[in-house]
There are 2 protein chains.
Amino acid sequence: MTTLEIQCAAVKRASRTLSIAGTAIKNRALESIARALIENQDKWLRANSQDLDAAKAQGMRPSLLDRLALTPERVSGVVEGLRQVAALPDPIGKVDRMETRPNGLIIGRRRVPLGVVAIIYEARPNVTVDAAALCLKSGNACVLRGGSEAIRSNRAAVEIMRDALADAGLPEDCIALVQDTSRETANELMGLDKYIDVLIPRGGAGLIRSVAKNASVPVIRTGEGVCHIYIDKDADLQMGAEILFNAKCSRPSVCNAAECVLVHRDIAKEFLAAAVPLLDRHEVELRCDGEALALLGSRGIPATEEDWDAEYGDYALAVRIVGSAGEAVDFINAHSTGHSESIVTRDYFTAQSFLDQVDAAAVYVNASTRFTDGGEFGLGAEIGISTQKMHARGPMGLEELTSCKYIIYGQGQVR
Amino acid sequence: MTTLEIQCAAVKRASRTLSIAGTAIKNRALESIARALIENQDKWLRANSQDLDAAKAQGMRPSLLDRLALTPERVSGVVEGLRQVAALPDPIGKVDRMETRPNGLIIGRRRVPLGVVAIIYEARPNVTVDAAALCLKSGNACVLRGGSEAIRSNRAAVEIMRDALADAGLPEDCIALVQDTSRETANELMGLDKYIDVLIPRGGAGLIRSVAKNASVPVIRTGEGVCHIYIDKDADLQMGAEILFNAKCSRPSVCNAAECVLVHRDIAKEFLAAAVPLLDRHEVELRCDGEALALLGSRGIPATEEDWDAEYGDYALAVRIVGSAGEAVDFINAHSTGHSESIVTRDYFTAQSFLDQVDAAAVYVNASTRFTDGGEFGLGAEIGISTQKMHARGPMGLEELTSCKYIIYGQGQVR
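Residues numbered from 1 in each chain as written. Chains lettered and ligands numbered in written order. Predicted model: local features only at pLDDT ≥ 70, side-chain atom pairs only at ≥ 80, totals over all residues. Heavy atoms only, no water.

### Details of the packing of helix 6 (residues 126-137) of chain A against helix 7 (residues 151-167) of chain A
All names here are of chain A.
Right, on to step 1. As a packed pair, helix 6 and helix 7 sit with axes 10 Å apart at the nearest point and diverge in direction by 30 degrees. Compared by their axis directions, helix 6 and helix 7 come out roughly parallel. Viewed along their axes, helix 6 and helix 7 form a crossing whose handedness is right-handed. Residues Thr128, Val129, Ala132 and Leu136 of helix 6 lie in contact with helix 7, whose contacting residues are Asn154, Ala157, Val158, Met161 and Leu165.
Right, on to step 2. Along the lines of polarity and charge, the residues of the contact of helix 6 with helix 7 split into seven nonpolar, two polar and no charged. (Axes fitted to C-alpha atoms, helices over the stretch in contact; angles between N-to-C directions. Helix = DSSP H or I, 4+ residues; strand = E, 2+ residues; numbered from the N terminus. Parallel < 35°, antiparallel > 145°, perpendicular 65-115°, else oblique. Left-handed = near helix turned anticlockwise from the far one by under 90°. Contact = heavy atoms within 4.5 Å. Nonpolar A, V, L, I, M, F, W, Y, C, P; charged D, E, K, R; others polar.)

Structural data, given as structure tokens:
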């Protein structure tokens with residue numbers, strides 16, 4: 001067995017204990033981790049500043065350095081998050097659908113953990129604790145594989161968490177970090193379906209597609225967001241301009257930000273006149289089809305075919321004119337990643353038909369796509385936003401980290 | 001685009017229409033298919049007898065020939081099944097968890113179809129209609145890829161069904177058959193995640209593992225069944241013998257049949273004395289560990305390592321002596337496929353702890369594993385029995401063929 005196999009086998013064993021641990025012990029472990037992170041924050045911050053030094057020496061961009069950096073405030077945020085997870089209801093153990101069958105068998109469906117959840121992610125070291133906390137509360141052991149840039153920070157955080165688990169009476173192997181951040185080890189992880197029940201890649205589209213293609217472990221694709229705002233001919237145009245501005249500019253790097261606006265031909269000129277002054281505040285680059293370009297003149301630049309499928313993650317926006325709501329729906333269904341889509345309209349029937357026909361995790365009427373988030377949806381916290389239809393769709397909270405098991409009480413029945 | 005891509009793209013388009021079709025139109029289509037299969041059964045039976053002739057010429061085994069064969073009675077059974085599916089409640093369109101958030105957004109979670117379901121299966125031609133019916137009722141278009149032995153039967157059935165769909169006002173591309181039954185085309189199908197939302201392989205363990213390994217489309221593994229019966233020291237031994245006999249012998253070829261019995265040392269001699277006379281009725285081959293062999297003498301043969309993971313599908317049984325219920329649980333968790341597991345015991349605490357600790361889709365106390373089945377569980381009909389934890393576990397009925405979509409009604413909210 002390889003080092004990784006030995007490690008994952010130990011996590012699988014630990015998951016058996018964790019899967020039947022009660023809510024009280026899991027909450028005690030979360031509190032124990034919270035306290036340990038506060039008490040040992042110097043260790044975590046020191047490791048992080050080594051990561052930062054190494055990253056600077058390698059010329060990492062300032063925006064990425066910011067994602068990598070921990071501060072005492074960020075540590076407090078992480079600790080606060082742990083306590084919020086502890087306060088959430090435990091999804092494990094609920095039995096729905098229990099019934100007595102005609103032959104006397106009593107059959108119930110019980111919520112159980114998935115088992116071992118592996119997460120492959122990139123720079124942010126707070127993800128290490130956030131993800132471990134959600135897995136722990138939902139009874140899942142986890143294998144964390146963060147990026148090489150954050151390896152010292154992650155190692156420190158996982159050491160602190162494992163010690164705290166042991167203090168709380170749970171096996172420390174409930175939380176494991178893959179020490180080797182090479183691509184080979186990531187590929188090996190994707191094939192360990194004997195030990196890992198589900199793999200969640202969090203990061204760029206390239207990572208996610210490569211995982212979906214190569215993994216034999218079941219995968220949940222998360223966070224690919226090519227989101228659209230469609231401004232209907234019956235839209236409140238000022239509302240449309242504000243929704244577009246918010247969806248594009250409030251945080252362009254995140255997956256629920258808009259990348260493309262579709263504008264109905266009949267109101268295109270008037271709408272762009274209302275929206276462009278807002279977009280100007282961030283000098284948003286407008287990549288336009290021919291018709292939009294004719295309206296925008298030198299404010300726009302011509303779009304290429306790639307623009308209609310691009311996730312810019314930046315102050316850039318594709319702009320396209322359409323002739324009907326139906327055309328907008330078809331375009332969205334052909335080009336979106338199935339994350340979040342919004343229509344701005346006053347028309348009741350157009351709104352309902354958009355809700356029915358657009359195929360995405362979250363479909364909005366008259367609101368910004370930026371609300372697609374576990375907290376905003378009332379799930380408390382999320383481990384990612386699923387853009388696939390299997391298992392979970394949209395923000396994934398604790399319930400989405402569970403499976404079920406049929407339990408059957410018999411009295412000697414045979415068939 | 002290849003022939004298969006063109007076909008799957010057409011199915012994807014048809015799935016948009018089907019996904020928003022109401023219950024009435026879907027039930028009308030099911031009834032239309034039922035009537036068409038009766039009216040055209042000569043065509044279907046004729047095609048089937050050509051398949052049978054070809055299979056006989058190639059020397060197919062009688063048990064496989066029986067699986068391939070259609071008769072007027074089997075056609076009636078298929079038609080009856082269609083009408084049962086029509087009578088089941090439609091899972092699509094239900095909204096659970098709708099609530100108004102503090103910012104006024106009204107957020108609901110609506111049940112929607114998965115979209116396009118691909119099914120790769122082997123000889124049985126009735127699966128073609130059963131699977132298409134479950135997909136249709138749950139609003140999913142389907143791509144069927146049956147085995148080459150049944151290609152003429154499948155082609156006839158799909159032609160009849162497509163005509164009936166058109167009569168009922170639904171696109172005929174809601175049901176499609178892959179005409180080329182080569183392995184290359186199956187491999188191509190596994191990569192078409194652009195058009196296919198989920199892939200369900202039904203068949204032997206080899207097929208299922210190969211699909212799970214090679215597919216980039218999300219896969220639901222079904223029907224791998226290495227099931228155990230554990231006879232506890234506190235078992236009613238006669239009950240145990242009858243449960244084991246039923247689980248092994250009532251239909252050894254199916255996935256919920258038992259493959260291995262674990263017997264507590266303290267009652268092993270007495271239990272085997274009760275069970276073996278029943279197993280003798282079918283001359284069940286007993287593959288034993290050393291201790292069991294010592295008790296059974298020439299009635300047993302020595303087991304090899306492979307026997308502890310074997311799905312015989314036949315009148316053969318692995319027999320192993322264990323020292324405790326805990327040892328049985330550990331053995332099961334190491335060797336089962338997570339399908340169905342049963343304990344026979346009178347002890348309350350042993351029973352509860354087996355239910356808690358065994359990691360399988362269905363865990364039984366004092367009953368045969370043979371009950372793991374959509375009909376027996378009250379789901380009405382099933383498309384397979386999932387042995388994975390993601391998305392669905394255990395018998396998959398209509399609800400397991402759905403996903404969800406968040407619908408959000410706003411009044412101009414921005415974040």
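After presenting the structure, the write-up continues.
### Here we look at the pairing of strand 6 (residues 198-201) of chain A
All names here are of chain A.
Right, on to step 1. Here strand 6 shows a buried face lined by Val198 and Ile200 and a second buried face lined by Leu199 and Pro201.
Right, on to step 2. The pairing of strand 3 (residues 116-120) with strand 6 spans four bridges and is classified as parallel. Bridging across to strand 6, Ala118 finds its partner in Leu199. (Buried < 20%, exposed > 50% of the residue type's maximum accessible area, 1.4 Å probe, protein only. Pairing = 2+ DSSP bridges.)

### As for the pattern of salt bridges
Right, on to step 1. According to the stated counting rule, one finds 58 salt bridges over all chains in the structure shown.
Right, on to step 2. The salt bridge partner of Lys389 of chain B is Asp197 of chain A, with a shortest N-O separation of 3.6 Å. Here Lys389 of chain B, found in the loop between strand 14 (385-386) and strand 15 (394-395), pairs with Asp197 of chain A, found in the loop between helix 8 (183-190) and strand 6, and the two come from separate chains.
Right, on to step 3. Of the residues examined, Asp197 of chain A reaches a relative accessible area of 14% and is grouped as buried. (Salt bridge = Lys/Arg side-chain N within 4 Å of Asp/Glu carboxyl O.)

### Focus: the sheet that holds strand 3 (residues 116-120) of chain B
Residue and element names in this part refer to chain B.
Right, on to step 1. The four strands lie next to each other as 5-4-3-6, forming an open sheet whose pairing is parallel. Of all the strands in the sheet, just strand 5 (175-177) and strand 6 (198-201) have a single pairing partner and so form its edges. Strand-to-strand twist in this sheet, taken as the mean axis angle between neighbours without regard to direction, amounts to 20 degrees.
Right, on to step 2. Pairing between strand 4 (residues 141-145) and strand 5: three bridges, direction parallel.

### Points about the relation of the copies chain B and chain A
Right, on to step 1. Placing chain B over chain A gives an RMSD of 0.0 Å and needs a rotation angle of 180 degrees, together with 0.0 Å of translation along the axis. In the structure described here, the two chain copies are related by an operation that fits a two-fold rotation axis. In terms of proximity to the rotation axis, the leading residue of chain B is His391 of chain B, whose C-alpha is 1.8 Å off the axis.
Right, on to step 2. Of all interface residues in chain B, 100% are interface residues in chain A too; the two copies therefore contact each other through one and the same surface. (Least-squares fit on C-alpha atoms with pLDDT ≥ 70 in both.)

### Thoughts on helix 9 (residues 205-214) of chain B
Residues and elements named next belong to chain B.
Right, on to step 1. Listing the buried residues of helix 9 in full gives Ile208, Val211 and Ala212. Seen from one end, helix 9 has its buried residues packed into an arc of 95 degrees, which puts them on one side. Projecting away from the buried face of helix 9 at angles above 90 degrees are the exposed residues Gly206 and Lys213. (Arc of directions from axis to C-beta.)

Structural measurements only, silent on function.
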